[in-house]
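Summary of structural features
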Amino acid sequence: MSRVVVVTGGTRGIGAAIAARFAAAGDRVTAWGRTDVDVTSEEEVAAAFERIGPVDVLVNNAGISASADLARTTLDDWRGQVDVNATGAFLCTRAVLPGMRERDRGRIVTVASTAGLEGAKYTAAYTASKHAAVGLMRAVAAEVAGSGVTANAVCPGFVRTDMTAASIDRIVARTGRTEAEAEAAVAATSPLGRLLEPDEVAFAVAFLAAPEAAAINGQTLVVG
């Protein structure tokens, strides 16, 4: 059965891979980039979902990151990451949840991060925002428990995306390491010893969004 799927941050990297996987399964996919819908705007989010109508699967994937030690983290940096990574997920989830509850079916999957489960230096704003996204998911899961709606999160480590490339570039600029050395240092933070590929995260999202995953609710699936 074809489902209506919305993927925020769905035009690049992980989001594009997620959108492609759902589309290949025959679903009707709407993939938003940052120029399509500002997920931090209550008005834009409400209007966008009004145009789409009932949503079967929401993937909260829009995200940004920046790194700095706490003393050099500006309020704008903090607010920017919390607004996109946490408030964006809140606004989109709030927009689709009443319709899902009314129809007693739906899947909400938030692409968070391993940073949403643990702390890491130089990532105070990003880590806090991802913890907030995971906390939001758990609260929603508690609200929908026992219904046909589920809320879960996928928490990947470093993925081969433009965001990770930017992190590698910052390491090169600050340490003088080569790009290969910087990538190896990033990859070494994963138990796999390598960067994840976007398709690997997309598979985890599709798994949690599957109709057969009705008994999985309130979980954080770590990838990598």
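All values derive from a computational prediction rather than experimental measurement.

Once that is clear, we can look at the overall build of the protein. Per the secondary structure count, the protein includes 7 helices and 6 strands. Along the protein, helices and strands appear, N-terminal first, in the series β-α-β-α-β-α-β-α-β-α-α-α-β. Here the C-alpha atoms of the protein give a radius of gyration of 17 Å, agreeing with the 17 Å that 2.2 N^0.38 yields for 224 residues. Referenced to the eigenvectors of the C-alpha coordinate spread, the extents of the protein come out at roughly 55 × 35 × 30 Å. Of all 224 residues assigned to the protein, the portion counted as buried reaches 43%. Sequence-distant contacts, at least 24 apart, represent 71% of the contacts inside the protein between residues at least 6 apart.

What follows covers the pattern of salt bridges. The tally for this structure, following the rule as stated, stands at 8 salt bridges. Its salt-bridge partner being Arg160, residue Glu183 comes within 3.2 Å of it at the nearest N-O pair. A residue pair is termed long-range when its members are at least 10 positions apart, and Glu183 in helix α6 (residues 179–187) and Arg160 in the loop between β5 (149–156) and α5 (162–175) qualify at 23 residues. Looking at Glu183, the relative accessible area reads 25%, which means it is partly exposed. A single network of salt bridges, built from pairs that share partners, joins Arg160, Glu183 and Glu197.

Further remarks concern the sheet that holds strand β4 (residues 106–111). The 6 strands are arranged β2-β1-β3-β4-β5-β6 in an open sheet whose pairing can be described as parallel. The open sheet has two free edges, formed respectively by β2 (28–32) and β6 (220–223), since each of these has just one partner strand. Within the sheet, the average angular offset between the axes of one strand and its neighbour, ignoring direction, is 15°. Here β5 runs beside β6; their pairing, made up of 4 bridges, is parallel. Residue pairing across strands places Ala153 opposite Thr220, the latter belonging to β6. Contacts between helix α2 (residues 42–52) and the sheet are confined to β1 (4–8), β2 and β3 (57–60), with β2 contributing the most and set at about 160° to the helix. Relative to β3, helix α3 (residues 75–103) is tilted by about 170°, and along the sheet it contacts β1, β2, β3, β4 and β5.

With that settled, consider the environment of Ile52. Within the secondary structure layout, Ile52 lies in helix α2. With relative accessibility at 26%, the residue Ile52 sits in the partly exposed group. Taking the C-alpha atoms as reference, Ile52 lies 34 Å from Leu75; in sequence the two are 23 residues apart. Ignoring any residue separated from it by four or fewer positions in sequence, one finds Ile52 in contact with Val4, Val6, Thr30 and Trp32.

This next bit is on a negative patch on the surface. A contiguous patch of negative charge on the surface is contributed by Asp38, Glu43, Glu44 and Asp83. Along the chain, Asp83 turns up in helix α3.

A few words now on the side chain of Thr127. Tracing the backbone shows Thr127 in helix α4 (residues 124–144). Other than its neighbours up to four places away in sequence, Thr127 contacts Ala115, Glu118, Gly119 and Ala120.

To continue, consider the pairing of β5. Within β5, 8 of the 8 residues are buried, which leaves it mostly tucked inside the rest of the structure. Of the two faces of β5, the one lined by Val149, Ala151, Ala153 and Cys155 and the one lined by Thr150, Asn152, Val154 and Pro156 are each fully buried. Of the pairings in the sheet, the one linking β4 to β5 comprises 6 bridges and is parallel in character. Residue Thr110 lies in a different strand from β5, and its bridge partner there is Ala153. Crossover β4 to β5 through α4 is right-handed.

Conventions and cut-offs
- Residues numbered from 1 in each chain as written.
- Predicted model: local features only at pLDDT ≥ 70, side-chain atom pairs only at ≥ 80, totals over all residues.
- Heavy atoms only, no water.
- Helix = DSSP H or I, 4+ residues; strand = E, 2+ residues; numbered from the N terminus.
- Rg over C-alpha atoms; globule rule 2.2 N^0.38 Å.
- Buried < 20%, exposed > 50% of the residue type's maximum accessible area, 1.4 Å probe, protein only.
- Contact = heavy atoms within 4.5 Å.
- Salt bridge = Lys/Arg side-chain N within 4 Å of Asp/Glu carboxyl O.
- Pairing = 2+ DSSP bridges.
- Axes fitted to C-alpha atoms, helices over the stretch in contact; angles between N-to-C directions.
- Patch = residues over 30% accessible without salt bridge, like charges linked within 9 Å, V, L, I, M, F, W, Y side chains within 5 Å.
- Areas by Shrake-Rupley, 256 points an atom, 1.4 Å probe, with all protein chains shown as cover.
- Lys, Arg positive; Asp, Glu negative; His and termini not counted.
- Charge placed at Lys NZ, Arg CZ, Asp CG, Glu CD.
- Right-handed = clockwise from strand over helix to strand, strands pointing away.

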